[in-house]
Protein chains: 2
Amino acid sequence: MTSFEEAETEETAACLHMTFYHPCQDDKMMFRCLNFCKREQVRADEMAKFGRDPNICHYNLVDTRVSRIQFSLQFYRKPNSSELCFEIKNMSKKTKLFVDHVELGYLNKIDLPWKCIVCFGDYQILMEIQEGESLDYFETHLYLSKVPILQEKCIRLVQPLPENSIIPSLFPSQGKSPIEIDENES
Amino acid sequence: MTSFEEAETEETAACLHMTFYHPCQDDKMMFRCLNFCKREQVRADEMAKFGRDPNICHYNLVDTRVSRIQFSLQFYRKPNSSELCFEIKNMSKKTKLFVDHVELGYLNKIDLPWKCIVCFGDYQILMEIQEGESLDYFETHLYLSKVPILQEKCIRLVQPLPENSIIPSLFPSQGKSPIEIDENES
């Protein structure tokens, strides 16, 4: 057995915080297969795929208007840099994907900014990258917003964030419990 | 039944021609699981993975010195362009990957030039892109070289290629039969 003293220094993993919103989410429940309860790990050599086909997409959107694969995310390192980046790629032939104001057609891809809003159809996703060190995997943490994201004022952070912390702008508190805003709070 | 006149116009697919060489290929037969006989199709939403683990890598290299996944290739479109590109990503923590003279560490990636030599360890791969139109899939066509690729003089093509044709520089003739140079020819 490895003792505490001899154990390898624990690494933090980069985490992609994703806050979802759709105007019909209460009726159509397209997010019912997403796991909003806990962080999930994605191996660095895998793509995180979001879409309608649960056989291909770990992140499954239950909606006939969503493509079999809507978009994918990959993790990579910039050359001559230790910087870890995420790249988003539109995998839908039918629907444009917007990253802030940049329009992506089918098979177009772009680096995710540190904080951005991704839209396709009526879907809105606030994406926020929390830096980490691990090269083996990254994490995703999903949230559900009761209010439209595009109409929200984004809080511009004037102070740099403390290391390994993140403050999702839409959430007044962030604990270990499932992050779904209670109606009384929103 | 759709008649010939009504059928959709056939699309050509982009093809990546890859010529493999390893100094011990005759003894160690690391290429024995690669299919040198015919073109193979890769769906545009999939990564083409090359490496030791046949459960993950369709293109399987049978060699304990090769990483579980050595490198991957993805197909994408540049924004505001119809140009189709290939991107190569080094998936090996242990081995650097060289694309011509560019060194890629673990999780580094780069666009494949139209014609280039990819190296890792003692492996040499000449890669040549043949343009195509299809957005649904691309093709790979694998060849085996009996002679080192790095020491070969690359034939610079002065004339533009006829549409949908490619002349792999190492091969004097290219037919429908498996492309493996006879020792008398090389």
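Computed from a predicted model, the values in this text were never measured in an experiment.

## Examining the interface of chain B and chain A
Facing the 24 residues of chain B at the interface are 24 residues of chain A. Here chain B meets chain A over a buried area of about 2,100 Å², counting both sides, of which 46% is carbon and sulfur. In terms of surface lost to chain A, no three residues of chain B exceed Asp45, Leu107 and Lys109 of chain B, which account for 25% of the buried area on that side. For the pair chain B and chain A, the number of links is six salt bridges. Linking arginine 68 of chain B and aspartate 45 of chain A is a salt bridge whose minimum nitrogen-to-oxygen distance equals 2.8 Å. Taken together, the links from chain B to chain A amount to 18 residue pairs in polar contact (both at pLDDT 80 or more). Broken down by secondary-structure element, the contributors of at least two residues to the side of chain B that touches chain A are β5 (71–77) and β6 (84–90) of chain B. Per-element tally for the side of chain B that touches chain A: the top contributor is β5 of chain B, with four residues. Split by residue class, the side of chain B that touches chain A holds eleven nonpolar, two polar and eleven charged.

## Some words on the UniProt feature "domain: FHA" (unreviewed entry) in chain A
Under the UniProt annotation, "domain: FHA" (unreviewed entry) lies at residues 49–121 of chain A. Spanning residues 49–121 of chain A, this segment combines 0% helix with 47% strand, and its end C-alpha atoms are found 17 Å apart.

## Quick word on the sheet that holds strand β4 (residues 59–60) of chain A
Picture the strands of a sheet paired through backbone hydrogen bonds; they go either parallel or antiparallel. Taken together, five strands build an open sheet; the order of strands is β4-β3-β5-β6-β9 (chain A) and the sheet is mixed. Of all strands in the sheet, those with a lone pairing partner are β4 and β9 (109–111) of chain A, marking the two edges.

## Points about the pairing of strand β12 (residues 137–144) of chain A
Residues and elements named next belong to chain A. With seven of eight residues buried, β12 is to be regarded as a mostly interior element. Summarising the sheet, strand β2 (residues 40–43) and β12 pair through four bridges and their orientation is antiparallel. Considered in β12, the bridge of glutamate 40 is made with threonine 140.

Thresholds applied
- Residues numbered from 1 in each chain as written.
- Chains lettered and ligands numbered in written order.
- Predicted model: local features only at pLDDT ≥ 70, side-chain atom pairs only at ≥ 80, totals over all residues.
- Heavy atoms only, no water.
- Contact = heavy atoms within 4.5 Å.
- Buried area = accessible area lost by both parts, 1.4 Å probe.
- Salt bridge = Lys/Arg side-chain N within 4 Å of Asp/Glu carboxyl O.
- Polar contact = N/O pair within 3.5 Å; in protein donor to acceptor, adjacent residues only side chain to side chain.
- Helix = DSSP H or I, 4+ residues; strand = E, 2+ residues; numbered from the N terminus.
- Nonpolar A, V, L, I, M, F, W, Y, C, P; charged D, E, K, R; others polar.
- UniProt positions renumbered as here; feature names shortened; annotations may be inferred.
- Pairing = 2+ DSSP bridges.
- Buried < 20%, exposed > 50% of the residue type's maximum accessible area, 1.4 Å probe, protein only.

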